[in-house]
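Residue-level structural notes
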Amino acid sequence: MRVTGTSCICPVLVCLCFVQRCYGAAHHSSIKVTRNQTKHIEGETEVHHRPKRGWVWNQFFVLEEHLGPDPQYVGKLHSNSDKGDGSVKYILTGEGAGSIFLIDDVTGDIHATTSLDREQKAHYVLHAQAIDRRKNLPLEPESEFIIKVQDINDNAPEFSDGPFVATVPEMSEVGTSVLQVTATDADDPTYGNSARVVYSILHGQPYFSVDPKTGVIRTALPSMDREAKEHYSVVIQAKDMAGQVGGLSGSTTVNITLSDVNDNPPKFPQKHYQLYVPESAQVGTAVGKIKATDADTGLNADIKYSIVNGDGGGVFAIATDRDNREGILSLKKPLNFERKKHYSLNIEGANPHLDVRFSHLGPFKDSTTLKIIVGDVDEAPLFTLPSYTLEVYENAKIGTVVGLVTAQDPDSANNLVRYFIDRSADGDQYFSIDATTGAIRTEKVLDREEAPWYNITVAAAETENPSLVTHVPVGVKVLDINDNPPELAHEYDMVACENAKQGQVIQTISATDKDDSANGPRFHFSLEGEPLLNPNFTIRNNEDNTASIVTRRRKFTRTAQSLYYLPIVISDGGNPSLSSTTTLAIRVCACDRDGRVRTCHAEAFLSSAGLSTGALIAILLCVIILLVIVVLFITLRRSKKEPLIISEEDIRENIVTYDDEGGGEQDTEAFDITALRNPSAAEDLKYRRDVRPEVFSTPKHQTPSSFDSINVQEFIEQRLAEADLDTSGPPYDSLQTYAYEGQRSEAGSISSLDSVTTHSEQDYNYLDDWGPEFQKLAELYGEIESERTTT
């Protein structure tokens, strides 16, 4: 394939383009490709031959920004297989094919239909192919080539970051670098001079210069003074085509500021100043200002003021106000017109931050003279002391002199002074003052324990000018006397364990005293009534204002005594000494082996168990309910008892039979079976515990030796007599059986049925008082008693 291009690269190549067009493209830009030869011989296989190519141009050129009326011709594609009969079809594919670039499929001419911009796209990659129009088969392999957009100078240099701001110190040397500016050109830097930029200054000379190649801005004049001119506006131009005529240009502005250096000393506007200060000026207050000027700024303009000499250096002081750069003059000592009427000060102002480069411009300081005139004023009285501290004993009588304050008129007139107490500070009027002498006296009896200090304010005024008043603070200290006895520091809950040992400390007590330490904290503890010894407890002084309560014996018993009272005497170390008596209560409690209290009494036990009031009330209600149930049960059982006499005709003695085996509770309480089984083991007479008898018949006491000779018959007779005389027993005979097998009884039957033959002194008249239920029984026993007396 042969490619012919007709675009001109530059004016120098115009001749080449002309020669190319005159003599044909075949000599310069042809891609000559022979067709693939395919030979078909009978009986032989197909043979492929390498295509033969000629001289190849693999790229075309097209000028950017073409504005002509016709499409721009790019080049021509031609295949060696093309015989000119139109049988070959040329196809163009790739970037921009069919839209930007069009090809004539018969001739192979390529045209650009639109104007191209190299800065947007610098080249296009395309593919060309020749095919047989009739068979639609490729005649040659596809060939790739590039169409490059040829640059023209259509972009001016630009400063993308402008305008610029820069600073350079004043007084800089010539050639000091200030700032570097850089302009960019979008044209092709590899082709021609379209992107070759040169810098120059349009505005800002002769102060600054710029390097034409690098764009570095430098100072051009020496000793540029900020105080003369501070701001400069410099315009820098960048021009392409190496600055030649026809080149494009762009510009930017650089605002340059001269920064300050300390090249100016401070100066006072005047060499002499005068200041009026009244003698009433207060110490520490500002009485005047002075200021020096400095043309510099910032730290370079800071000024430090000082008094270098003069007769007022000890009376006045000067300080520097950094915000306003002023010297503030203040008073160190009070002024007195009568003593000195004027002062002279030499004040200096200097730069604290120096630059050695400009030391030749110095010295960087200046001085001035300040004359101070003291003004005479009518002053208030002055006290001899700035404050007073007085002392007085507590309980002193009313009118006791506490102390004296004095004041005088400082003026030459020396007027009389009157004193009074400022009642806004002493509203309760504890003190008064003599208006003439200044003597302070008590108005009330003072108590150190209530108020150890009193602060009052005494005022003094001239009699000729009462409006001039001076105040002075007066503190009155109330001195202590021993007027308070010591007492226990707090209440103590003392406990002595039942298993306590002799000499055991059960409590350490301490005391307190309202008096001062001189009359208080040397306490002595003792028992009231000593030297009599307390058999249970004693007290031991610990020599540190505490005492220990110590047991004197072993073991205590709550049942014998649960609470002990121990009176103690506490004495202080005052002169004279005071004492007080306090009684300590000591409870006896049950404790564990390690000394922890287990219980002291029922209330303490419940408390230690952690029961609340609600729980105690609930337990009490339960107990009451149980008691009510028991009472109802007993009442019901008593109401269901069978009558003792079944009928009026039945006057026989009844035999009571117990069906329970082993005997009931009533049996074991009524009879001592152990005594029957072993009479020698009998003890004193035992009474029934279920019913309390109203009448007791006390038998003769028998010694243990008498049991050796007792026999069962005498024992039974004794029990029978007790049953007859026991008014709490049943009002009828009962058969009581004693399971005892022993020696033979000569008395015969031991049944209580025979007891009617025995003389009885029992009186049954009390049955009449028992009510109608026992009326019949009373009549029966009455008849039996009458029959017994008649027989």
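Provided above is the structure to which this section pertains.
Residues numbered from 1 in each chain as written. Predicted model: local features only at pLDDT ≥ 70, side-chain atom pairs only at ≥ 80, totals over all residues. Heavy atoms only, no water.

The next thing to look at is the packing of aromatic side chains. Counted under the stated rule, the structure contains 14 aromatic pairs. Ring geometry for F431 and Y454: centres 5.6 Å apart, planes at 75°, overall edge-to-face. Taken together, the positions of F431 in strand β28 (residues 431-433) and Y454 in strand β30 (residues 453-462) put the pair 23 residues apart, joining distant regions of the chain. Y454 gets classed as buried once you look at its relative accessible area, which sits at 10%. (Phe/Tyr/Trp six-rings, centres within 6.5 Å; stacked < 30°, edge-to-face > 60°. Helix = DSSP H or I, 4+ residues; strand = E, 2+ residues; numbered from the N terminus. Buried < 20%, exposed > 50% of the residue type's maximum accessible area, 1.4 Å probe, protein only.)

Before going further, it helps to spend a moment on the sheet that holds strand β20 (residues 326-331). Read from one edge to the other, the open sheet built from 3 strands follows the order β17-β20-β19, with strand pairing classed as antiparallel. One side of each edge strand has no neighbouring strand; the edge strands of this open sheet are β17 (286-290) and β19 (316-321). Strand-to-strand, the axes of this sheet are offset by a mean angle of 25°, without reference to chain direction. (Pairing = 2+ DSSP bridges. Axes fitted to C-alpha atoms, helices over the stretch in contact; angles between N-to-C directions.)

A word on the nonpolar core. The biggest cluster of nonpolar side chains holds 24 residues, and the ones touching the most others in it are F383, V405, Y419, F431, I440, V458 and V474. Mapped by element, the contributors of at least two residues to this core are β24 (388-393), β27 (417-421), β28, β30 and β31 (469-479). (Core = buried A, V, L, I, M, F, W, Y, C linked by side-chain atoms within 4.5 Å.)

Let us look at the environment of S467. Within the secondary structure layout, S467 lies in the loop between β30 and β31. Residues S467 and A380, 87 residues apart in the sequence, show an inter-C-alpha distance of 8.5 Å. In this structure the side chain of S467 is engaged in a polar contact, spanning 2.6 Å, whose partner is the side chain of N465. (Polar contact = N/O pair within 3.5 Å; in protein donor to acceptor, adjacent residues only side chain to side chain.)

Bringing the pairing of strand β39 (residues 579-591) into the picture now. Across 4 bridges, the pairing between strand β33 (residues 494-497) and β39 is parallel. From the neighbouring strand, A496 faces β39, where its bridge partner is V588. Bridge count between strand β38 (residues 563-571) and β39: 9 bridges; the pairing is antiparallel. The partner of V569 across the bridge, within β39, is T581. Taken together, the 2 bridges between β39 and strand β40 (residues 597-599) define a ladder with antiparallel strand orientation. What sits directly across from C591, in β40, is V597.

In this section: the layout of surface pockets. A volume near 580 Å³ is recorded for the second largest pocket. Together, 19 residues line the second largest pocket, and P334, L335, E379, L382 and P410 are the ones closest to its centre. Among the residues making up the lining of the second largest pocket, the classes are represented as 8 nonpolar, 6 polar and 5 charged. (1 Å grid on protein atoms, 1.4 Å probe; cavity = no way out; pocket = protein on both sides within 12 Å on 5 of 7 lines; lining within 4 Å. Points joined across faces, edges and corners; volume = space filled by probe spheres on them. Nonpolar A, V, L, I, M, F, W, Y, C, P; charged D, E, K, R; others polar.)

Considering all chains together, one arrives at 2 disulfides under this definition. Covalent S-S linkage joins C497 and C591, the inter-sulfur distance amounting to 2.1 Å. Given an S-S torsion of about -85°, the disulfide between C497 and C591 has left-handed geometry. Taken together, the residues span a long stretch of sequence, with C497 in strand β33 and C591 in strand β39 at a distance of 94 residues. A relative accessible area of 10% means that C497 is categorised as buried. Linked covalently through their sulfurs, C589 and C600 form a disulfide whose S-S length is 1.6 Å. Residues C589 and C600 are joined through a disulfide that is right-handed, its torsion about the S-S bond being 95°. Here C589 is found in strand β39, whereas its partner C600 is found in the loop between β40 and α2 (602-608), with 11 residues between them in sequence. Judged on exposure class, the residue C589 and its partner C600 are both buried. The disulfide pattern of the chain is 1-3, 2-4 when the bonded cysteines are numbered in sequence order. (Disulfide = S-S within 2.5 Å.)

What the 4 strands build is an open sheet, ordered β32-β34-β37-β36; its pairing is antiparallel. Lying at the two open borders of the sheet, with one neighbouring strand each, are β32 (487-488) and β36 (537-541). As defined by bridge partners, strand β34 (residues 505-512) adjoins strand β37 (residues 546-551) across 5 bridges and the pair is classed as antiparallel. Pairing of I509 across the sheet is with A547, part of β37.

For the structure on display, the rule yields 19 salt bridges. Note that R133 and D105 form a salt bridge whose closest N and O atoms lie 3.8 Å from each other. In this pair, R133 sits in the loop between β7 (123-132) and β8 (143-150) while D105 sits in the loop between β5 (101-103) and β6 (109-112), placing the two residues 28 residues apart along the sequence. Across the pair K271 and D366 runs a salt bridge whose closest N-O atoms are separated by 2.9 Å. Placement of K271 in the loop between β15 (249-259) and β16 (272-278) and of D366 in strand β22 (residues 365-375) is noted, with a sequence separation of 95 residues between them. A residue is classified by how much of its surface remains accessible, and K271, at 47% relative accessible area, is partly exposed. If you follow the salt bridges from partner to partner, you end up with R226, E227, E230 and D260 in one network. (Salt bridge = Lys/Arg side-chain N within 4 Å of Asp/Glu carboxyl O.)

This next bit is on the side chain of T538. Note on placement: T538 falls in strand β36. When its relative accessible area of 19% is taken as the criterion, T538 is described as buried. The residues contacting T538, other than those within four sequence positions of it, are L527, S548, I549, V550 and R552. (Contact = heavy atoms within 4.5 Å.)

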